[in-house]
Amino acid sequence: MCQVDEEGISLLEKKPSFGASSRDCMKCGDRAVVIARIKDAFCRSCFLTYFVHRFRATFGKAKVIRDGDKVLLAFSGGQCSSAMVSLVKRGLDQSTHKKLRFTPALIYIDEGVVTGQSKEERATTCQKISDIMKETGFPWYIASLEEALEIPAQNSSPDTCQAGSSFHSNQDPNTDELAGKLEGLCLETEHTQRCRDLLASAKSLTAKQDLVSNLRNRLLVHKARQLGYHKVAVGDSGTRLSSGILANLAKGRGASIPVAMAFADDRWSDVTILRPMREFTTKEIVMYNALFNVDSLFQPTLATMAGDYASIDTLTETFINELQTNFPSTVSTVFRTGEKMCTAGSDDPDAVRRCSMCKSALDTSVGISSALSATRFSLHISRKEGSSTNENSCKATKPDDATCTDSSSEQCCGQGDGSCHSNQMKSVSAESLSKTLCYGCQVTVRDMDLNLLPSYIVEESAKIERRSRMRDEIKDFLLCEES
Amino acid sequence: MPVSCRLCGGSAILKRPKTGDALCKDCFFSAFEAEIHQTILDAELFKKGERVAVGASGGKDSTVLAYIMKLLNERHDYGLDIVLLSVDEGITGYRDDSLETVKRNQMQYDLPLKIVSYEELYGWTMDAIVKQIGLKSNCTFCGVFRRQALDRGALLVKADKIVTGHNADDIAETVIMNVLRGDVARLRRCTAITTGADGALPRCKPFKYTYEKEIVMYAYFKKLDYFSTECIYSPNAYRGHARTYLKDLEKIRPSSIIDIIHSGESLSIKKDVKMPTQGTCTRCGYISSRPLCKACVLLEGLNKGLPKLGIGKEHKERKKLALLQAQSFNQTIEPATSANVTTESSTPSSSSIAGANTVPQRIDF
């Protein structure tokens, strides 16, 4: 999840010219070895105190975790999640006061399918990761990304705790028969090819990355549910979240910024995603890992070597990092701006209509004067015959109306050879799908083949459609307006 | 490789940046015009019989805006009385040339034109200000002064509304800027199509959903006469970052611009976040969130030979102001009853300032 930040490392080596060695620790007066935040010089031990304190404070402030809670730590092998695991271990090991009070376990999701790795390569990676995870002494699990395609649509009552077939775990970290288990594990199922096709159908890297992170989040939540965890901690750093704020803005996902950066992401009702590393910059995390010998494993992702202009995410990350070097308060300013945002009308989280893909609140019921209806009008006017009809038809262009959404169905059906219709799977119409997707996911889906979408999206959207049809039938007899 | 127009089947001449569709010239014109008309209808921007001042700089956006406002007003019978309003910042080699364009537009479109200048309003031209402040931060002066100048000019021509040529790119850029600067108050209102409805004159942006590229296309194919030169004083560096980022985004995904505006529209700010309350400037009566509006602070700085007064840290600014006021109390005891008097006594041309001071007082009632 987190990449090696080469900049952070080179900064660390450049330190002598930077003048940190000539400075004293601002806490104890010893010689400083790192500069945290903007200009706080610390010696090694004070940096550790600061770092650990901040981590604990992030948990403490949020008051989300109760004594004895089980928390699943999403471990990717990258810098941030490695640091997170190390901090949790430290917090539990400590015989001193203020011990962390939850029971952790690790989960690794193998994303080899995304970068087209062979079965053997993936097995090697899983082996390495399992070695690292074994060392922590926590229970650990491994899953593969394509398992996300098997996830059934989310039930309103999530009590489906059947064990996944290709799902492997090792509750006892001392057993040493992992290699065999890993061999037979995840890699190369029928879903692997489907996952590849789905990714290949995405025309832009931006859509691909969105899809992968969507699959990953779904799978994390799904696995947590199966294993009986209600909290999943991910390693996203403040730097990453800040560039996420801007990227979400650029992708039309403004409405989901608050949940996407919150400490406790509650868009899935029964599983909460926690972001305990959000108060750290990537640089601080890399420093911590370097100073305290925290191992991490670099793994290529879609964005690796893709160039700065490959996708909205990569561009935004570059943009934020460049600004941050020139204006050191960029990340924290953006972060604080994000913290001041909230989702409109989020009084009752259960009543909100949610996107069937990303589960954030639907942002498509906007007024007549809005970017959404203006775009629909543009598509309508430059694709349909006759400018004389625009007067009346645009009046009908209400946000949820389907008149103008057929443009996307044209896109979808136009590219294949009509295979959309002949597909044996429960195919989904772009029109009904767009009703259940948020603005940002509609943009993402526009770049993909609808028939390959994961069933959890399709089924859920079909379910919502059925529900709304049911509602329509009985609406005359309903006494109060409920969503 | 003849591409056919998606609408009429004729030979297409362009690909719409907004939707990616190939269109011929005429279909593009009608689509472009219909969209602006739709925006105006949807947002109920105008009422019949209103007098509307079009902020005209001579640049592409405002030239197309003036043209299309006149066109739509006649075509759809808005019943508007359209006036061109220009601000002369006093930048030799830039604004004087672009004002010539505006004057030509005035003749071509047969619309009345009013020009207000910084010199007559504030007693300072931008040239003179740049001499004082240098090439850094001069855009702050220009931006702050122009905002007020437009309002004052619109009041002079008795307009009910101001329309400006801000396009979708401008708005998306402003959203990004406000996030980067952490300006939550502006972030909340920068995507509104009409602003300032409660305080002074309402301003609206009919091009809110119109891509900059399409405006250029429209001007290009309509052969509209506009002035396209960058201001000779250095462009605002930080905004430049946001602009580059936006252009790069557009290259990756052309819908980004509208997507950002959608994001901006669907943002809401937590209720417990402190927001500046809008009041009026105690000196000139213009809307302001502080006792003194920014223009008055900047002006005072200029007039007192401390041009940096209004730039930089807030607390430093306040401290300096207090210091200045204390000094002025000590120095001139007789007229020092109100800050207003001190400004007048120290300006080079008190007659023009007196004229300027009478204008905003009309805002009060």
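All values derive from a computational prediction rather than experimental measurement. Every chain is numbered on its own, with residues counted from 1 as its sequence reads. In the order they appear in the text, chains get letters beginning with A and ligands get numbers beginning with 1. Restriction of local features to residues with pLDDT of at least 70 applies here, the model being predicted, together with a cutoff of 80 or more for giving and counting side-chain atom pairs; totals for whole chains, interfaces and linings are based on all residues. As a rule here, side-chain values come from all non-hydrogen atoms in the structure, and water together with hydrogens is ignored.

Enquirer: Give a description of the overall build of chain B that names residues and reports values.
Expert: Strands here are runs of E lasting at least two residues and helices are runs of H or I lasting at least four, both read from the DSSP assignment and numbered beginning at the N terminus. A count of helices and strands for chain B gives 15 helices and eleven strands. Looking at chain B as a whole, 54% of its 365 residues are labelled buried. Summarising the internal contacts of chain B: among those between residues at least 6 apart in sequence, 68% fall at separations of at least 24. Calculation of accessible area relied on Shrake-Rupley with a 1.4 Å probe; when residues are assessed, cover is drawn exclusively from the protein chains displayed. If you sum the accessible surface of chain B, you get close to 16200 Å²; carbon and sulfur atoms cover 54% of it. Accessibility here uses a 1.4 Å probe with only protein chains present; expressed as a share of the type maximum, an area under 20% marks a residue as buried, one over 50% as exposed, and anything in between as partly exposed. The contact definition used throughout considers only heavy atoms, calling two residues in contact when any of these lie within 4.5 Å.

Enquirer: A description of helix 3 (residues 44-62) of chain A should follow, citing residues and the corresponding values.
Expert: Residue and element names in this part refer to chain A. Taking 1.5 Å as the rise per residue, helix 3 with 19 residues should run 27 Å; its terminal C-alpha atoms sit 28 Å apart, in good agreement. Regarding helix 3, the residues found buried are Cys46, Phe47, Leu48, Tyr50, Phe51, Val52, Phe55, Arg56, Thr58 and Phe59. For helix 3, the secondary structure elements touched by its buried residues are strand 1 (34-36), strand 2 (40-42), helix 4 (79-93), strand 9 (272-274) and helix 11 (282-291). The positive-phi residue at the C-terminal boundary of helix 3 is Lys63, with phi of around 55°. Every helix has an expected span of 1.5 Å times one less than the residues it contains.

Enquirer: How would you sum up the packing of aromatic side chains? Please name residues and give values.
Expert: Working definition: rings of Phe, Tyr and Trp (its six-membered ring) pair if their centres are within 6.5 Å, and the pair is stacked with planes under 30 degrees apart, edge-to-face with planes over 60 apart, and tilted otherwise. According to the stated counting rule, one finds 25 aromatic pairs over all chains in the structure shown. Between Phe55 of chain A and Phe59 of chain A, the aromatic rings sit 5.2 Å apart at their centres with planes inclined by 85°, giving edge-to-face as the arrangement. Here Phe59 of chain A and Phe55 of chain A lie together in helix 3, a separation of four residues that amounts to about one turn. A relative accessible area of 1% means that Phe55 of chain A is categorised as buried. Using a relative accessible area of 9% as the deciding quantity, one classes Phe59 of chain A as buried. Taken together, a centroid distance of 4.8 Å and an interplanar angle of 85° make the contact between Phe327 of chain A and Tyr238 of chain B edge-to-face. Here the residue Phe327 of chain A occupies a position in the loop between helix 12 (312-326) and helix 13 (330-339), and Tyr238 of chain B occupies one in helix 10 (residues 237-252), the pair thus bridging two chains.

Enquirer: Provide a residue-level description of the pairing of strand 5 (residues 140-144) of chain A, including the pertinent values.
Expert: Residues and elements named next belong to chain A. With five of five residues buried, strand 5 is to be regarded as a mostly interior element. Judged by which residues are buried, strand 5 turns out to be covered on both faces: Trp140, Ile142 and Ser144 on one side and Tyr141 and Ala143 on the other are all buried. Where strand 4 (residues 103-110) and strand 5 come together, five bridges link them in parallel fashion. By the bridge assignment for strand 5, Ile109 is matched with Ala143. We call a crossover right-handed when, viewed with the strands running away from us, the connection from the first strand over the helix to the second turns clockwise. Taking the sense of rotation as the criterion, the β-α-β connection linking strand 4, helix 5 (residues 119-136) and strand 5 turns out right-handed. Each pair of strands is called paired provided DSSP finds at least two bridges between the two strands.

Enquirer: Break down the packing of helix 14 (residues 371-381) of chain A against helix 1 (residues 25-42) of chain B for me, with residues and values.
Expert: Contact pair helix 14 of chain A / helix 1 of chain B: the axes reach a minimum separation of 10 Å and the direction vectors enclose 150°. If you check the angle between helix 14 of chain A and helix 1 of chain B, you find them roughly antiparallel. Helix 14 of chain A and helix 1 of chain B meet at a crossing whose hand is right-handed. Contacts between helix 14 of chain A and helix 1 of chain B involve Phe377, Ser378 and Ile381 of chain A on the former and, on the latter, Ala31, Ala34, Glu35 and Gln38 of chain B. Lines are fitted to the C-alpha atoms to define the axes, a helix being fitted only along its stretch in contact, and any angle between axes, read from their N-to-C directions, falls within 0 to 180 degrees. Any angle that is under 35 degrees is reported as roughly parallel, and any over 145 degrees as roughly antiparallel; angles of 65 to 115 degrees are reported as roughly perpendicular and all others as oblique. Two helices cross in a left-handed way if the nearer one is turned anticlockwise from the farther one by less than a right angle. They cross in a right-handed way if the turn is clockwise.

Enquirer: Just give me the short version of helix 13 of chain A, but keep the residues and values in it.
Expert: Within helix 13 of chain A, seven of the ten residues are buried, which leaves the element mostly enclosed by the surrounding structure. Thr330, Val331, Thr333, Val334, Phe335, Thr337 and Gly338 of chain A are the residues of helix 13 of chain A that are buried.

Enquirer: Can you tell me about the domain arrangement of chain B, naming the residues and giving the values?
Expert: Residue and element names in this part refer to chain B. Note that domain bounds follow an automatic or database assignment of domains. The domain boundaries assigned to chain B delineate domain 1 (43-265) and domain 2 (289-358). Across the boundary between the two partners, domain 1 contributes 16 residues, which contact 15 residues of domain 2. Summed over both partners, the accessible surface that disappears when two parts come together, traced with a 1.4 Å probe, is what is meant by buried area. In total, domain 1 and domain 2 occlude about 1300 Å² of area from one another, counting both sides; carbon and sulfur atoms represent 71% of this. Definition used for salt bridges: Asp or Glu carboxyl oxygen within 4 Å of a side-chain nitrogen of Lys or Arg. Applying the counting rule to domain 1 against domain 2 returns zero salt bridges. By the criterion applied in these results, polar contacts are pairs of N or O atoms within 3.5 Å in which, for protein atoms, one can donate a hydrogen and the other can accept it, and in which residues neighboring in sequence qualify only through two side-chain atoms. At the boundary of domain 1 with domain 2, the tally comes to one residue pair in polar contact (both at pLDDT 80 or more). The greatest single-element share of the side of domain 1 that touches domain 2, amounting to six residues, is contributed by helix 6 (residues 138-156). Partitioned by chemical class, the residues of the side of domain 1 that touches domain 2 number eight nonpolar, five polar and three charged. As a working rule, the residues Ala, Val, Leu, Ile, Met, Phe, Trp, Tyr, Cys and Pro are called nonpolar, Asp, Glu, Lys and Arg charged, and the rest polar, with Gly in that last group.

Enquirer: Talk me through the sheet that holds strand 7 (residues 194-195) of chain B; I want residue IDs and the actual numbers.
Expert: In sheet architecture, strand pairing relies on hydrogen bonds along the backbone and comes in two forms, parallel and antiparallel. Residue and element names in this part refer to chain B. Strand order in the open sheet formed by six strands is 5-4-3-6-8-7, and the pairing between neighbours is mixed. The sheet is open, and its two edges are formed by strand 5 (113-117) and strand 7, each paired on a single side. As defined by bridge partners, strand 6 (residues 161-163) adjoins strand 8 (residues 203-204) across two bridges and the pair is classed as parallel. Residue pairing in the sheet places Ile162 in a bridge with Arg203 of strand 8.

Enquirer: So what about the nonpolar core? Which residues, and what values?
Expert: In plain words, nonpolar cores are sets of buried Ala, Val, Leu, Ile, Met, Phe, Trp, Tyr and Cys residues tied together by side-chain atoms within 4.5 Å. Judged by nonpolar contacts, the single largest core of 51 residues is most densely connected at Leu72, Leu215, Cys355, Met357, Leu437, Val445 and Leu453 of chain A. Those elements that provide at least two residues to this core are strand 3 (70-74), strand 4, strand 5, helix 7 (190-201), helix 8 (205-227), helix 18 (430-436), helix 19 (439-446) and helix 20 (455-474) of chain A. With ten residues, the top contributor of residues to this core is helix 8 of chain A. For Leu453 of chain A, the residues in contact, after removing those within four places along its chain, are Arg194, Leu198, Leu433, Val445, Met448 and Val458 of chain A. Counting 47 residues, the second-largest nonpolar core is a separate cluster that includes Leu249 of chain A together with Val184, Leu249 and Ile269 of chain B.

Enquirer: Lay out the UniProt feature "binding site: ATP" (unreviewed entry) in chain B in plain terms, naming residues and giving numbers.
Expert: All names here are of chain B. UniProt positions are given in the numbering used here, feature names are shortened, and annotations may be inferred rather than shown by experiment. Sequence positions flagged by UniProt for "binding site: ATP" (unreviewed entry) are, in local numbering, Gly55, Ala56, Ser57, Asp61, Val87, Gly165 and Asp170. Note that Gly55 resides in strand 3 (residues 51-55). Among the residues examined, Gly55 registers a relative accessible area of 14% and is labelled buried. Assignment of secondary structure puts Ser57 in the loop between strand 3 and helix 2 (60-75). With sequence-adjacent residues up to four places away left out, Ser57 is seen in contact with Ser62, Arg95, Ser98 and Val102. A polar contact is formed between the side chain of Ser57 and the backbone nitrogen of Gly59, at a distance of 3.1 Å.

Enquirer: Talk me through the pairing of strand 3 of chain B; I want residue IDs and the actual numbers.
Expert: Residues and elements named next belong to chain B. Most of strand 3 sits out of view: four of its five residues are buried. The sheet contact formed by strand 3 and strand 4 (residues 81-88) spans five bridges and is parallel. Among the inter-strand pairings, Val54 is bridged to a residue of strand 4, identified as Leu84. As paired strands, strand 3 and strand 6 are joined by three bridges and run parallel to one another.

Enquirer: Quick one: what's the story with the pattern of salt bridges, residue by residue and with numbers?
Expert: For the coordinates displayed, the defined rule picks out 50 salt bridges over all chains. Arg278 of chain A is the partner of Glu279 of chain A in a salt bridge, and the nearest nitrogen-oxygen pair spans 3.9 Å. Among the residues examined, Arg278 of chain A registers a relative accessible area of 8% and is labelled buried. Here Arg16 of chain B makes a salt bridge to Glu214 of chain B, at a shortest N to O gap of 2.7 Å. One end of the pair, Arg16 of chain B, is in the loop between strand 1 (14-15) and strand 2 (22-23); the other, Glu214 of chain B, is in helix 9 (residues 212-221), with 198 residues separating them in the sequence. By the burial criterion, Arg16 of chain B is buried, and Glu214 of chain B matches it. Put simply, Asp169, Asp170, Glu173, Glu212, Arg239, Arg243 and Lys247 of chain B are held in one network by salt bridges that share partners.

Enquirer: Before we move on, could you go through the state of the cysteines and cite the residues and values that matter?
Expert: A pair of cysteine sulfur atoms is labelled a disulfide when the two atoms are within 2.5 Å. For the coordinates displayed, the defined rule picks out zero disulfides over all chains. For the unlinked cysteine Cys438 of chain A, the closest cysteine sulfur is that of Cys358 of chain A, found at 3.6 Å. Lacking any disulfide linkage, Cys293 of chain B is separated from the closest cysteine sulfur, that of Cys296 of chain B, by 3.6 Å.

Enquirer: Can you tell me about unusual backbone geometry, naming the residues and giving the values?
Expert: Of note, Lys63 of chain A is a non-glycine position whose phi angle comes to about 55°, a positive value. Of note, Lys63 of chain A is situated in the loop between helix 3 and strand 3. For Lys63 of chain A, a relative accessible area of 74% translates into the label exposed. The backbone phi angle of Lys158 of chain B is positive, close to 60°, even though this residue is not glycine. By secondary structure assignment, the location of Lys158 of chain B is in the loop between helix 6 and strand 6.

Enquirer: Could you give me a rundown of the interface of chain A and chain B, with the residues and numbers involved?
Expert: Contacts between chain A and chain B engage 59 residues on the former and 48 residues on the latter. Carbon and sulfur atoms supply 63% of the area buried between chain A and chain B, which totals about 4400 Å² over both sides. Three residues, Leu249, Lys340 and Ser382 of chain A, lead the burial of chain A against chain B; their summed loss comes to 13% of the area buried on that side. Counting the contacts that link chain A with chain B gives two salt bridges. In this structure, the salt-bridge partner of Asp447 of chain A is Arg253 of chain B, at a minimum N-O distance of 3.7 Å. Joining chain A to chain B, the criterion identifies 19 residue pairs in polar contact (both at pLDDT 80 or more). Per element, the largest residue contribution to the side of chain A that touches chain B is eight residues, and it comes from helix 14 of chain A. The pairing of strand 10 (residues 341-342) of chain A with strand 9 (residues 268-269) of chain B spans two bridges and is antiparallel.

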